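Geometric and topological summary
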Number of protein chains: 2
Amino acid sequence: MEKRIGSSIRLPHPPSIRSFASIVGQKEGDGPLGHCFDRIELRDDFGEKTWEKAESRLQCETLQLALRKSGFDAAVLDCVLAGDLINQCTSSSFALREFGIPFLGLYGACSTMAEGLLTGSLLVEGGFCKRAAAVTSSHFSTAERQFRFPLSYGGQRTPTSQWTCTASGALVLTESGGPPYVRGVCIGRIQDLGITDANNMGAAMAPAAADTIARYLSDTGTQPSDYDAIVTGDLGNIGTKLVRMLLQQEGIDIAPQHQDCGAMMFDADAQDTHAGGSGCGCAGSILCGHFLPQVQQGSIRRMLFAATGALLSPMIVQQGESIPGISHLVDISFAKEDGTC
Amino acid sequence: MEKRIGSSIRLPHPPSIRSFASIVGQKEGDGPLGHCFDRIELRDDFGEKTWEKAESRLQCETLQLALRKSGFDAAVLDCVLAGDLINQCTSSSFALREFGIPFLGLYGACSTMAEGLLTGSLLVEGGFCKRAAAVTSSHFSTAERQFRFPLSYGGQRTPTSQWTCTASGALVLTESGGPPYVRGVCIGRIQDLGITDANNMGAAMAPAAADTIARYLSDTGTQPSDYDAIVTGDLGNIGTKLVRMLLQQEGIDIAPQHQDCGAMMFDADAQDTHAGGSGCGCAGSILCGHFLPQVQQGSIRRMLFAATGALLSPMIVQQGESIPGISHLVDISFAKEDGTC
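Residues numbered from 1 in each chain as written. Chains lettered and ligands numbered in written order. Predicted model: local features only at pLDDT ≥ 70, side-chain atom pairs only at ≥ 80, totals over all residues. Heavy atoms only, no water.

Note on the identical chains: chain B maps onto chain A by a rotation of 180° and an axial translation of 0.0 Å, with an RMSD of 0.0 Å. Those values place the two copies in the arrangement expected of a two-fold rotation axis. No C-alpha of chain B approaches the rotation axis more nearly than that of Leu106 of chain B, which lies at 2.1 Å. Here 100% of the interface residues in chain B have copies in chain A that are interface residues too; the copies meet face to matching face. (Least-squares fit on C-alpha atoms with pLDDT ≥ 70 in both. Contact = heavy atoms within 4.5 Å.)

See the structure below:
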């Protein structure tokens with residue numbers, strides 16, 4: 001069977017997502033999805049002296065938990081794929097240096113969970129790795145320092161701004177096993193429609209999600225109704241409206257199946273999070289805490305996971321550049337095959 | 001044939017490196033390898049208003065040149081893998097947003113050329129991509145601003161410091177074609193022996209190169225003498241001595257075959273570059289400008305390319321952390337097969 005279909009890829013031997021884990025901070029635990037995460041950590045600093053070390057600790061412990069659930073020792077993993085938002089992806093490299101697992105560093109901003117799951121699935125399906133892990137994280141306080149203002153400055157947030165989640169998701173992939181399975185993937189293309197407001201990332205990322213979802217549906221000859229859920233992350237409340245509108249213009253109505261991780265994480269009014277959640281850990285933890293258990297049990301038969309990333313840096317925004325967006329897609333299914341893809 | 005051998009991977013259907021290109025700045029062009037690069041650009045700013053935009057332009061034009069040599073239009077590429085040193089890898093995402101090619105962002109610091117070539121080769125060998133590209137870049141002025149001091153500050157450089165190259169390398173991989181071929185790869189493991197001096201990156205990266213090279217030789221049952229060249233990049237003059245010493249302690253003598261891109265780029269005395277060159281573009285441009293043409297012609301029959309990266313950020317170094325290193329390895333050959341791997 002040909003693996004390439006158009007610009008998408010199908011996996012004749014779908015890798016199994018053997019285990020998954022999620023850890024979040026207190027604010028995320030107080031949100032509507034609080035019940036679904038493996039652990040809610042009440043100490044923002046995770047017992048460390050700096051925010052950056054706290055995020056590394058969060059990512060490290062989430063991967064440890066996913067490994068524990070898989071029953072594997074780190075030593076039998078052939079590869080771990082990871083990335084984060086912080087400069088030079090140090091949350092990941094410092095989190096993972098203790099494990100001794102061959103490591104591929106990724107940068108996909110908030111799309112990293114999808115990029116890691118996508119790339120890891122291809123490495124397993126291709127016979128290059130028997131077992132691989134993907135992990136990502138974000139932390140409110142590291143991201144604020146990195147991209148916006150020092151926390152103690154107390155800057156006002158604009159209505160379109162999103163709240164970076166303190167959260168991490170990790171999963172372990174194997175060649176064979178039970179559901180969930182990865183049936184197909186679509187690598188994102190950079191889309192940039194000229195948004196220059198770093199406080200409106202939903203608008204910057206929505207065109208990328210629309211492009212990737214439209215390509216995958218077209219390549220596979222499937223309709224939104226073939227999926228129980230079409231999940232983006234993390235467009236937030238504003239980007240959610242935009243991605244539906246952009247796809248509507250192409251005659252694709254995803255509204256009945258569509259859910260966005262950024263819009264799901266918080267109760268925007270009660271929690272004062274404006275346009276919703278964001279950060280690599282937002283889509284990562286919601287995939288691993290909320291969606292994958294449902295696919296495993298079969299209550300979601302098939303879903304598209306299209307995490308989105310805004311590929312900006314503060315410096316390039318200050319230089320007047322617009323914000324490129326990207327969205328990678330993974331087709332996750334309860335059944336190993338059903339003839340539709 | 002089993003693709004996994006130990007912690008290494010062999011490629012039964014070796015992808016072909018169809019084309020490769022390199023562009024460097026004036027200082028690199030003035031060095032001992034100046035004759036081998038496709039283009040020496042005399043304007044440090046590449047005609048752009050900021051150093052960051054200059055680096056994006058450099059990377060963009062190097063990929064364009066590799067594409068032109070391949071005879072392919074960007075539209076037929078299934079994937080491009082890229083990364084760089086600058087915050088949030090914006091040199092890559094801004095360089096590539098015009099191409100419309102599905103994009104996987106990587107972060108491997110100065111090991112990025114090897115990480116991109118490695119991952120791209122697996123995607124092609126696995127049948128997931130028919131054609132893929134890998135590209136990376138670095139720029140002296142963006143890196144100084146990012147990691148050290150503003151240029152106008154005129155900070156003194158320590159004897160162990162390396163000079164970030166203004167350079168870029170790009171290549172195009174295809175399923176079939178002529179040499180060079182990618183015969184095997186080894187994904188790096190993070191190594192951290194406690195170096196905390198951000199001006200001594202050669203020492204921080206040498207253990208990672210030693211670990212990866214030793215694993216690959218052991219997994220494949222090969223000796224240093226089975227290769228015409230064992231190339232690290234970019235350990236510089238200090239890291240070069242260390243990697244040989246570390247391998248010597250394991251009974252492996254790579255000295256007769258070993259060359260290091262960081263030590264090759266400049267005439268250290270005449271060009272005042274202290275411990276040598278560094279930056280993603282150092283190993284990237286020397287692979288594409290100096291080594292791949294020799295493998296294509298058969299004057300190098302087989303080589304190991306083990307680019308090295310220091311996974312540091314200024315912030316985490318200021319917090320007193322040591323510097324994790326990584327090295328990814330690619331086994332590049334004139335012959336498609338010869339029974340040794």
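As a further point, take unusual backbone geometry. Residue and element names in this part refer to chain A. Omega for the peptide link from Gly233 to Asp234 comes to 5°, which places this bond in the cis form. With respect to the element layout, Asp234 can be found in the loop between β11 (229-233) and α7 (236-248). Even without a glycine there, the phi angle at Asp272 is positive, about 55°. Along the chain, the position of Asp272 falls in the loop between α9 (268-271) and β13 (277-278). Given a relative accessible area of 48%, Asp272 falls into the partly exposed group. Of note in this structure, His274 is not a glycine but carries a positive phi near 55°. On the accessibility criterion, His274 (26% relative accessible area) is partly exposed. (Helix = DSSP H or I, 4+ residues; strand = E, 2+ residues; numbered from the N terminus. Buried < 20%, exposed > 50% of the residue type's maximum accessible area, 1.4 Å probe, protein only.)

Of the voids in this model, the largest pocket is the one considered here, and its volume is about 850 Å³. Together, 46 residues line the largest pocket, and Glu144, Arg145, Gln146, Phe147 and Arg148 of chain A are the ones closest to its centre. Of all the secondary-structure elements, those providing two or more residues to the lining of the largest pocket are α5 (140-147), β8 (163-164), α6 (201-220) and α11 (314-318) of chain A together with α11 (314-318) of chain B. Tallying contributions element by element places α5 of chain A first for the lining of the largest pocket, with seven residues. Estimated volume of the second largest pocket: approximately 420 Å³. Sort the elements by how many residues they give to the lining of the second largest pocket and helix α5 (residues 140-147) of chain B lands first, with five residues. (1 Å grid on protein atoms, 1.4 Å probe; cavity = no way out; pocket = protein on both sides within 12 Å on 5 of 7 lines; lining within 4 Å. Points joined across faces, edges and corners; volume = space filled by probe spheres on them.)

It is worth spelling out the pattern of salt bridges at this point. With the rule as written, the count across this model stands at 38 salt bridges over all chains. A cluster of three or more residues bridged by salt bridges with shared partners is formed by Arg39, Glu41, Arg43, Glu48, Arg57 and Glu61 of chain A. (Salt bridge = Lys/Arg side-chain N within 4 Å of Asp/Glu carboxyl O.)

We now examine the state of the cysteines. Simply put, the disulfide is a covalent bond whose two ends are the sulfur atoms of two cysteines. Residues and elements named next belong to chain A. According to the stated counting rule, one finds zero disulfides over all chains in the structure shown. With no disulfide partner, Cys60 has as its closest neighbouring cysteine sulfur the one in Cys288, 16 Å distant. With a relative accessible area of 7%, Cys60 lands in the buried category. Free of any disulfide, Cys165 has its nearest cysteine sulfur in Cys282, 3.8 Å distant. Accessibility expressed as a relative area gives 0% for Cys165, which makes it buried. (Disulfide = S-S within 2.5 Å.)

Below, the discussion takes up the interface of chain B and chain A. Listed as interface residues are 60 residues of chain B and, on the opposing side, 60 residues of chain A. When the buried area of chain B at its contact with chain A is split by residue, Gln88, Arg97 and Phe128 of chain B rank highest and sum to 16% of it. Counting across the chain B and chain A interface gives 10 salt bridges. Here Arg4 of chain B and Asp78 of chain A are joined by a salt bridge, their closest N and O atoms 3.3 Å apart. The interface formed by chain B and chain A includes 31 residue pairs in polar contact (both at pLDDT 80 or more). Counting residues per element, the ones that place at least two in the side of chain B that touches chain A are α2 (51-70), α3 (90-96), β6 (103-105), α4 (112-125), α5, α11 and β15 (325-333) of chain B. Looking at which element gives the most residues to the side of chain B that touches chain A, the answer is α4 of chain B, with six residues. Its residues assigned to classes, the side of chain B that touches chain A comprises 29 nonpolar, 16 polar and 15 charged. (Buried area = accessible area lost by both parts, 1.4 Å probe. Polar contact = N/O pair within 3.5 Å; in protein donor to acceptor, adjacent residues only side chain to side chain. Nonpolar A, V, L, I, M, F, W, Y, C, P; charged D, E, K, R; others polar.)

Keep in mind these numbers describe shape, not what the thing actually does.
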